[in-house]
Amino acid sequence: MNVDRLVRETLQEQAAEQPGPPGDLAGRVLAARRRRRTRAVTGAALATAALVAAAVAVPALDSSDPGRRDVRPAGRPDVVAHPDQAVPRDFVAAGRVGMAGYAAFRDMRQRNGDEVLVRSYWLLNPRTQKYEKADDRWAWVAVAPGMRTAAVLEGELPARRIGLLDLASGEVTRWITPAHPAAAVEWSPDGKRLVATTYSKNPDRLVKVPGTSPAPQQHFSRTGWVVVDAASGDVGPFRELPQTPGEKDGGYAGVARQDLHWSHDGSRLYVQQYEGPRGRNYRDWYTMAGDRTAAPEGERHAGWPRAGLSPDGKLLAADGTTEGSPILDPRTGKQIARVPSSEQLAWADSNRLIALSCGPGPCTGKNEQRTRLVLVTVGSDRTVPLTALRERPKGYKGVWSPMLTTR
């Protein structure tokens with residue numbers, strides 16, 4: 001298999017689920033290659049897929065207010081589960097977090113030999129509480145906290161404008177036009193701002209280069225980022241941030257799509273990197289003015305999982321394996337607990353997480369590649385299934401990837 005395509009597909013998988021060794025992308029890629037080779041021989045064509053970047057947007061609670069810990073609004077079911085649905089039809093939620101939608105992808109071969117990764121989305125209709133197929137013109141979708149509005153980009157990426165989509169009506173209520181085209185947008189934890197990562201070319205396109213490898217190659221075209229005020233549509237200053245030689249030439253860590261993400265409190269931005277000291281995942285941090293900076297105090301030990309800090313800031317979700325996911329003390333980086341999941345996606349409250357987990361049964365063999373959405377609790381081995389084992393939407397290459405935010 002083409003290495004660039006393999007890396008890209010593996011990162012699609014790892015953004016929401018992380019089977020394989022923790023913190024070692026090269027190992028994960030090679031493991032994925034071995035799994036794919038085995039499936040090719042056996043004819044078991046089960047592939048997993050996940051959405052890069054904007055799949056999880058869960059704002060922090062005020063850690064200075066102890067009354068905010070594990071608050072569950074009255075009159076709303078704490079857990080909404082459909083463990084019989086392998087491709088979700090009805091709303092799924094736990095605690096303060098709901099699944100705003102899900103995504104699946106396909107590789108589309110072009111006449112010139114290029115390949116383009118194309119995403120499709122199913123979004124929650126707030127009126128019916130069911131997931132509906134979104135318009136195919138949306139190449140990128142990020143749902144805001146509250147699950148009433150989504151930021152959308154038109155394909156092919158990068159897009160010249162950002163739309164704010166009303167999820168109930170399906171209508172775009174505002175168009176925002178940055179000076180630089182964007183290939184990703186992500187909501188701030190408070191739902192008031194968007195960070196748009198800008199590119200000069202589509203980071204999801206593999207380009208056929210005459211005279212080189214017969215397989216299409218990645219190309220690196222990130223130009224920087226801007227922050228957008230969602231209420232006014234005002235676009236902040238452009239912050240230049242091209243990919244570094246290390247990002248381009250980092251072996252399996254050289255990935256064309258490297259977007260900006262928000263810190264837990266929305267005060268800084270980071271780029272996820274895949275191989276650091278001792279093989280750990282790590283993050284490059286930036287101020288809102290675009291300068292390199294240190295990690296926030298509670299995120300110095302953050303790795304891959306987008307769940308990150310718990311709402312009260314006392315626990316940190318860490319890189320997981322098929323044997324479970326560690327919970328760290330964010331001050332020291334030391335493990336203080338482990339939960340039965342392969343990937344921690346979002347904190348349902350300060351003691352429970354929505355996660356992906358194999359099962360039922362041991363996480364070995366074919367079962368390792370089959371995961372379902374579950375609710376896990378720190379200090380307990382019990383899992384509460386929220387969906388059935390994930391399956392591919394009809395006509396798509398991989399299983400669906402959840403999009404989580406506060407409800």
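This one's a predicted model, so the numbers in the text were calculated from it and none came from an experiment. (Residues numbered from 1 in each chain as written. Predicted model: local features only at pLDDT ≥ 70, side-chain atom pairs only at ≥ 80, totals over all residues. Heavy atoms only, no water.)

Focus: the nonpolar core
A general feature of soluble globular proteins is that nonpolar side chains tend to end up buried together.
And step 1. Core analysis: the largest hydrophobic core is formed by 59 residues, its most contacted members being Leu123, Val141, Val143, Ile162, Val185 and Ile354.
And step 2. Within the second largest apolar cluster, twelve residues are counted, among which are Ala307, Leu315, Ala337 and Ala355. (Core = buried A, V, L, I, M, F, W, Y, C linked by side-chain atoms within 4.5 Å. Buried < 20%, exposed > 50% of the residue type's maximum accessible area, 1.4 Å probe, protein only.)

Digging into the packing of aromatic side chains
The geometry of an aromatic ring pair is captured by the separation of the ring centres together with the interplanar angle, meaning the angle of the planes.
And step 1. In total, this model carries six aromatic pairs according to the counting rule given.
And step 2. Summarising the aromatic geometry, the rings of Trp122 and Tyr396 are spaced 5.3 Å apart at their centres and angled 75 degrees between planes, so their arrangement reads as edge-to-face. Note that Trp122 is positioned in strand β5 (residues 115–125) and Tyr396 in the loop between β26 (383–385) and β27 (401–406), a separation of 274 residues in sequence. An identical accessibility class is assigned to Trp122 and Tyr396; each is buried.
And step 3. Here the aromatic residues Tyr102, Trp122, Tyr131, Tyr396 and Trp400 are joined through ring pairs into a cluster of three or more.
And step 4. Geometry around Trp122 places Lys133 over its ring, the cationic atom sitting 5.5 Å from the centre. (Phe/Tyr/Trp six-rings, centres within 6.5 Å; stacked < 30°, edge-to-face > 60°. Helix = DSSP H or I, 4+ residues; strand = E, 2+ residues; numbered from the N terminus. Lys NZ or Arg CZ within 6 Å of the ring centre and 35° of its normal.)

Some words on the sheet that holds strand β18 (residues 282–286)
And step 1. Here four strands make up an open sheet; going across it, the order is β16-β17-β18-β19 and the pairing antiparallel. Unpaired on one side and paired on the other, β16 (260–262) and β19 (292–293) mark the two borders of the sheet.
And step 2. Both strand β17 (residues 269–273) and β18 contribute to a ladder of five bridges, which runs antiparallel. The residue bridging Gln273 from the neighbouring strand is Tyr282, located in β18. (Pairing = 2+ DSSP bridges.)

Concerning the sheet that holds strand β12 (residues 193–199)
And step 1. One open sheet accounts for four strands, arranged β11-β12-β14-β15; its pairing is antiparallel. Two strands close off the open sheet at either side, each with one partner strand: β11 (182–187) and β15 (239–240).
And step 2. Judged from the five bridges that link them, β11 and β12 form a sheet pairing that is antiparallel. Looking across to β12, one finds that Trp187 is bridged to Leu194.

Details of the pattern of salt bridges
And step 1. In the structure shown here, the tally under the stated rule is 19 salt bridges.
And step 2. Notably, a salt bridge pairs Arg306 with Glu186, separated by 3.1 Å at the nearest N-O pair. Taken together, the residues Arg306 in the loop between β19 and β20 (316–317) and Glu186 in strand β11 connect sequence positions 120 residues apart. In this structure, Arg306 and Glu186 share a single accessibility class: buried.
And step 3. The partner of Arg331 in a salt bridge is Asp329, and the shortest N-O contact between them spans 2.9 Å.
And step 4. You can call Arg331 exposed: its relative accessible area is 61%.
And step 5. Here Asp329 falls in the buried class, since its relative accessible area comes to 12%.
And step 6. Each member of the salt-bridge network shares a partner with another, and the members are Arg119, Asp204, Arg257 and Asp259. (Salt bridge = Lys/Arg side-chain N within 4 Å of Asp/Glu carboxyl O.)

Examining the pairing of strand β6 (residues 130–133)
And step 1. As paired elements, β5 and β6 share four bridges and run antiparallel to each other. The residue bridging Leu123 from the neighbouring strand is Glu132, located in β6.
And step 2. Following β5, the chain reverses through four residues before pairing antiparallel with β6; Gln129 in that reversal takes a positive phi of roughly 60 degrees.

What to know about the confidence of the model for the chain
And step 1. Mean pLDDT for the chain: 82, with 76% of residues reaching 70 or above.
And step 2. Considering only residues more than four positions removed or in separate chains, one finds that residues 13–53, a stretch of pLDDT under 50, has 126 contacts.
And step 3. Confidence over residues 61–72 falls short of pLDDT 50; this stretch has 14 contacts with residues more than four positions distant or in other chains. (pLDDT = per-residue confidence, 0-100. Contact = heavy atoms within 4.5 Å.)

A word on unusual backbone geometry
And step 1. Of note, the amide linkage connecting Gly155 to Glu156 takes the cis form, showing an omega dihedral of -5 degrees.
And step 2. Here Glu156 is to be found in the loop between β8 (149–154) and β9 (162–166).
And step 3. Following Leu157, the chain continues into Pro158 via a peptide bond in cis, with omega recorded as 0 degrees.
And step 4. Relative to the helices and strands, Pro158 resides in the loop between β8 and β9.
And step 5. Positioned with a positive phi, Gln129 is a non-glycine residue whose angle comes to about 60 degrees.
And step 6. Mapped onto the elements of the fold, Gln129 is located in the loop between β5 and β6.
And step 7. According to the relative accessible area criterion, Gln129 is partly exposed, its value standing at 32%.
And step 8. Look at Met147: it is not a glycine, yet its phi comes out positive at around 60 degrees.

A short note on the side chain of His261
And step 1. In this fold, His261 is placed in strand β16.
And step 2. At a separation of 2.7 Å, a polar atom in the side chain of His261 contacts the side chain of Glu186. (Polar contact = N/O pair within 3.5 Å; in protein donor to acceptor, adjacent residues only side chain to side chain.)

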